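So the chains spell out like this:
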Amino acid sequence: TYQWRRTVCFQFSYVFWQCHLHPRERMEHSTNSEAMIALEDSLILDPEQYMFRKRVPQRPRTQRNDLYVTRATSQKALLSRASHLMKNKGITELNIHALGAACTLACDVALQLVESCRPEFELKVAAQTCTEIVIDDYEPLKESLPFVSKQRRVSAIHIRVLRLNA
């Protein structure tokens, strides 16, 4: 009754398993799998058994005109760096990138940059949102436990600021 199909996505190098069941069997199977997931999650969340580590998100090679926004960096420092790049370095295009909770901070920096540069030159802003996959690792503190990695999706924003009259 089980028909397993394995789909491999080489771009992100992870494997999806899909299970096609009869609707009656799906209910029986879902209660067992939900119990197993709950048991697995309770083991992973135990700080005596696993140590939680976030992997650094993958990103393309950083260019001179890229600005990566995090919650750790102050808004004033980000704005001064962006305005320095646009005014003093002569960059005509600035790319601002942010993940998760830093998305609102990136939007604020882009809007404040437009306001601060308005008397000297005009800037145009284009924003694109997407969802990126990040990986969390759970390293076992005991040798008998397996190494566990989990994927989660995080919202991201990429803001492109163009200088119109150079």
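Since we're looking at a predicted model, the values are computed, not measured. (Residues numbered from 1 in each chain as written. Predicted model: local features only at pLDDT ≥ 70, side-chain atom pairs only at ≥ 80, totals over all residues. Heavy atoms only, no water.)

Turning our eyes to something else, we now look at the environment of Arg118. Secondary-structure assignment places Arg118 in the loop between α3 (103–117) and β6 (123–140). Its relative accessible area of 52% is what places Arg118 among the exposed residues. Within the local environment of Arg118, its side chain forms a polar contact with the side chain of Glu115, the two groups lying 3.4 Å apart. (Helix = DSSP H or I, 4+ residues; strand = E, 2+ residues; numbered from the N terminus. Buried < 20%, exposed > 50% of the residue type's maximum accessible area, 1.4 Å probe, protein only. Polar contact = N/O pair within 3.5 Å; in protein donor to acceptor, adjacent residues only side chain to side chain.)

The next thing to look at is the confidence of the model for the protein chain. Detailed reading of the predicted coordinates is not advisable wherever pLDDT falls low. Of the residues in the protein chain, 72% reach a pLDDT of 70 or more, and the chain-wide mean stands at 76. Low pLDDT, under 50, characterises residues 1–32; the predicted model gives this stretch 27 contacts beyond four residues in sequence or across chains. (pLDDT = per-residue confidence, 0-100. Contact = heavy atoms within 4.5 Å.)

Quick look at the sheet that holds strand β5 (residues 93–99) now. Pairing is mixed in the open sheet, where 5 strands are placed in the order β3-β6-β7-β5-β4. Edge positions in the open sheet fall to β3 (50–54) and β4 (66–69), since each of these has one partner strand only. Averaged over all neighbouring strand pairs, the angle between strand axes comes to 20°, with direction disregarded. Where β3 lies against β6, 5 bridges are found, and the strand directions are antiparallel. Residue Arg53 lies in a different strand from β6, and its bridge partner there is Asp137. Sheet strands touched by helix α2 (residues 75–87): β4, β5, β6 and β7 (148–163). Its angle to β4, the strand with the most contacts, is close to 175°. Packing of α3 onto the sheet brings it into contact with β4, β5, β6 and β7, and relative to β7 it is tilted by some 10°. (Pairing = 2+ DSSP bridges. Axes fitted to C-alpha atoms, helices over the stretch in contact; angles between N-to-C directions.)

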